[in-house]
Amino acid sequence: MNYLNDVNGSIQSGFPHKHFTIKHSLLDHPLFTVEALVDLAKALPEAQMEWNSGDVGITQDPTRTPGNGLSPEDTIKQIAEKKSWLVLKNIQVIPEYRKVLHDCLKEVEDLTSQHVTGATQRAGFIFVSSPNSVTPFHMDPEHNFLLQLRGSKTMNIFDPKDREVISEEHIENTYYGEHKHRNLVYKDEFKAREDSVVLQPGDAIHVPIHAPHWVQNGPEVSISFSITFRSDQSQKNVRIHSLNGRLRGMGMKPKGLGESALADNSKDLLIRAAVRAKKVLKK
């Protein structure tokens, strides 16, 4: 069964650097009903769930996110009344969900093989959100397709290469440093630079790696399924950003990713050699 429908060839023309929408056919899948998600929340360890108040600002300090006073199961059951935001992480540990995730990603990987190689770390996330709740401004390190299953939401998204919105230092700080986290600070002047994409049930959006975005839910309960993976190229980028963050922390001014292919490749060789050496020393 094909779950994804890319009739306009958006994946071929836009992946991996641009955001775009395609269609999916998971709307009536029994694993994504509220009842099924309550059972999933019971089956997952607490460390694989995050739930809190959905009544927060676009900019959110992750250490100060208010809770909602409910368990994950009750958060899902009362999601229509209690303004909340919940994510079920790494759902691929449950066999039924792993099959759906891998079936979807197999379709993605077949369509993206000419752009990226070495697909790995396949992971699925389900987001359950109250009407009008907000997901704070942040970015993600994976190749990501977000499938809207129930309700509507507006994805406010930026070009990942827009250095007026996100600097190299911001990206590096998500991988290295005392306060590393994917959340970002939103400024009013960013508004004119964002693209607001409304997602209805059956829509899916590709969110490029490091593309800053925040989400405003519509007037109904929202359920979304995020299918993600890493690649040789994305992992190389992470290694370079991590090293640049370390070098910048030492007072140096390294070339940003993409400024010099020679510098990028040299850094990557250095990191991989260091990792290999560390493994040898541990034997």
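Coordinates for the structure precede this section.
Residues numbered from 1 in each chain as written. Predicted model: local features only at pLDDT ≥ 70, side-chain atom pairs only at ≥ 80, totals over all residues. Heavy atoms only, no water.

Draft legend 1. Summary view of the nonpolar core. Of all hydrophobic cores here, the largest spans 40 residues; its most connected members are Leu-88, Tyr-97, Ile-126 and Phe-225. Residue assignment for this core shows that the elements contributing at least two residues are β2 (20-24), α2 (34-43), β4 (84-88), α4 (95-112), β5 (120-129), β7 (143-150) and β12 (222-230). With 6 residues, the single largest contributor to this core is α4. In this structure, Phe-225 is in contact with Leu-26, Phe-32, Ile-91, Val-100, Leu-101, Gly-124, Phe-125, Ile-126, Phe-145, Leu-146, Leu-147 and Leu-149, ignoring residues within four places of it in sequence. Counting 14 residues, the second-largest nonpolar core is a separate cluster that includes Phe-125, Phe-127, Leu-146 and Val-215. (Core = buried A, V, L, I, M, F, W, Y, C linked by side-chain atoms within 4.5 Å. Buried < 20%, exposed > 50% of the residue type's maximum accessible area, 1.4 Å probe, protein only. Helix = DSSP H or I, 4+ residues; strand = E, 2+ residues; numbered from the N terminus. Contact = heavy atoms within 4.5 Å.)

Draft legend 2. Examining the sheet that holds β2 more closely. With respect to topology, 8 strands assemble into an open sheet ordered β1-β2-β10-β7-β12-β5-β4-β3, the strand pairing being antiparallel. Here the strands that pair on one side only, and so sit at the sheet edges, are β1 (4-5) and β3 (49-53). Here β2 pairs with strand β10 (residues 203-207) via 4 bridges, running antiparallel. Looking at the pairing, Phe-20 lines up with His-206 of β10. (Pairing = 2+ DSSP bridges.)

Draft legend 3. A look at the sheet that holds strand β6 (residues 134-138). Pairing within the open sheet is antiparallel, and its 4 strands lie in the order β6-β11-β8-β9. Only two strands of the sheet have a single neighbouring strand rather than two, namely β6 and β9 (195-199). Between one strand and the next, the sheet's axes are offset by a mean angle of 15 degrees, whatever the strand orientation. Note that β6 and strand β11 (residues 213-217) share 3 bridges and pair antiparallel. What sits directly across from His-138, in β11, is His-213. (Axes fitted to C-alpha atoms, helices over the stretch in contact; angles between N-to-C directions.)

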